[in-house]
Amino acid sequence: MTLPIADTPLADRLALPVPRADAWNPALEPALYPGPGREALLARLHSPGALVVTTGQQPGLLTGPSYAITKALSARGLAVALERRWGRPVVPIYWVPGDDHDFDEVASVKWIAGDGSLRTAALPPRPPEAPLAPMSRQPLGTAIDEVLARFEESFPEGLPRSETVEWLRRHYRPEQSVAGAFGAAMADLLAPLGVLCLDGAHPAVKVAAAPLLIRALEQAGDIERGLVSRAAVLLAQGRAASVPVGDGASLVFLDGPEGRDRLVIAAGGFVTRRGKTRYTLDQLRHIAEAEPERLSGNVLLRPAIESAILPTVAYTPHRGSKRANHVQ
């Protein structure tokens, strides 16, 4: 797989990629969040030659930072441009990475209130000894009601406030998970705009992604050396790698007693970083077959996973940045 980089707005002579032999996998449909217009978008995915543009963002409170939505709109704009240029359906898909386990990064939210002041609210911190559960299993709890109340009272009464708060309350409920609330709210907002939202932690996605995760473990040493080499090039150019590399960590996590735990290369196989449990590659292959929901990729592997299980033609970065779109 090659990933040539094309700056946006697109140049006039962007070549059509070699048509992919694969197509939309209907087995993934249960992983798509419901939303107004979802079925019409799904029908387009079933069209011959349909492609997708992917993007996504770490789940957050009240849909998180503003770029969580603007990235979706950017993916939509790129999909429209490619569809017009190539004459084939191109559907934007927003990947919700429910495997993310960094609670501290998503437990607070800031917004500009009606009086122009900056307001903030947060969920209680996760106990230090608690397992690093993915956000797909991290409940919001009753504190979300106070977060929503503070948000509501910071705006004057009227239609915009009532509609917005009603939309958020519909999805951000105490019994809902952080990722589940985020994904459902985003799908409710984005589906009418032509963007599908996909639950990256759904069992259907896990089954489809498992073979690639095993390949990443099989090639962990080569991948590590390649990342270290690339980091050195960036450093020589005066830039730092956005993700630390070079400590022998694979790009794969295993869910266990300590929560989501990174698999690190060790003699005879791998060892979990926190739990210190050793696994052979054969044992991990068995887990991939019997319990694929326990495996997940890190942020560097996520674009490859998306491209492996979706008919992806372009990817816009998941993190808020000014980096270019990647067009396959």
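As the structure is a prediction and not an experimental result, all values here were calculated from the model.

The strand order across the open sheet formed by 5 strands is E10-E9-E8-E7-E11, and the pairing between neighbours is antiparallel. Edge positions in the sheet fall to strand E10 (278-279) and strand E11 (295-297), since each has one partner strand and no second. Alignment of strand E8 (residues 259-266) against strand E9 (residues 269-272), held across 4 bridges, turns out to be antiparallel. Across the sheet, Leu263 pairs through a bridge with Thr272, a residue of E9. Strands strand E7 (249-256), E8 and E9 of the sheet are contacted by helix H8 (residues 220-236), whose axis makes an angle of about 125° with E7.

Another point: helix H1 (residues 38-45). For H1, the set of buried residues is Arg38, Leu41, Leu42 and Leu45. Along the axis of H1, the buried residues cluster in a sector spanning 100°; they form a single face. Residues of H1 that are exposed and point more than 90 degrees away from the buried face comprise Glu39 and Ala40. Residues of H1 that are buried make contact with strand E2 (51-56), strand E3 (90-96) and strand E6 (196-199).

Moving on: the pairing of E8. The buried fraction of E8 amounts to 7 of the 8 residues, a majority that puts the element mostly inside the structure. The antiparallel hairpin formed by E7 and E8 contains 2 residues in its connecting segment. A loop of 2 residues connects E8 with E9, the two strands running antiparallel in sequence, and Gly268 in this loop sits at a positive phi of about 85°.

It is worth spelling out helix H9 (residues 281-290) at this point. Every buried residue belonging to H9 is among Leu284, Ile287 and Ala288, and all of these are buried. The arc that holds every buried residue of H9, seen down its axis, measures 100°, which confines them to one face. Exposed side of H9, more than 90 degrees from the buried face: Asp282, His286 and Glu289 are the residues found there. Elements that come into contact with the buried residues of H9 comprise helix H7 (203-218), E7, E8, E9, E10 and E11.

Moving on: the environment of Pro244. Examined against the element boundaries, Pro244 turns out to sit in the loop between H8 and E7. Separated by 17 residues in sequence, Pro244 and Leu227 place their C-alpha atoms 9.4 Å apart.

Although it is not a glycine, Leu62 sits at a positive phi angle of roughly 50°. Along the chain, Leu62 falls in the loop between E2 and helix H2 (67-86). Classification of Leu62 by relative accessible area gives buried; the value is 8%. The backbone phi angle of Thr63 is positive, close to 75°, even though this residue is not glycine. Its location among the elements puts Thr63 in the loop between E2 and H2. Look at Thr63 and you get buried, because its relative accessible area is 6%.

A few words now on the packing of helix H5 (residues 159-171) against helix H6 (residues 178-190). At a closest axis distance of 8 Å, the pairing of H5 and H6 adopts a crossing angle of 135°. Judged by the angle between their axes, H5 and H6 are oblique. H6 is crossed by H5, and the crossing has right-handed handedness. Contact with H5, carried on its side by Trp167, Arg170 and His171, involves Ala181, Ala184, Ala185, Asp188 and Leu189 of H6 and no other residues of that element. Split into classes, the residues belonging to the contact of H5 with H6 amount to 5 nonpolar, 1 polar and 2 charged.

About the criteria used
Residues numbered from 1 in each chain as written. Predicted model: local features only at pLDDT ≥ 70, side-chain atom pairs only at ≥ 80, totals over all residues. Heavy atoms only, no water. Pairing = 2+ DSSP bridges. Helix = DSSP H or I, 4+ residues; strand = E, 2+ residues; numbered from the N terminus. Contact = heavy atoms within 4.5 Å. Axes fitted to C-alpha atoms, helices over the stretch in contact; angles between N-to-C directions. Buried < 20%, exposed > 50% of the residue type's maximum accessible area, 1.4 Å probe, protein only. Arc of directions from axis to C-beta. Parallel < 35°, antiparallel > 145°, perpendicular 65-115°, else oblique. Left-handed = near helix turned anticlockwise from the far one by under 90°. Nonpolar A, V, L, I, M, F, W, Y, C, P; charged D, E, K, R; others polar.

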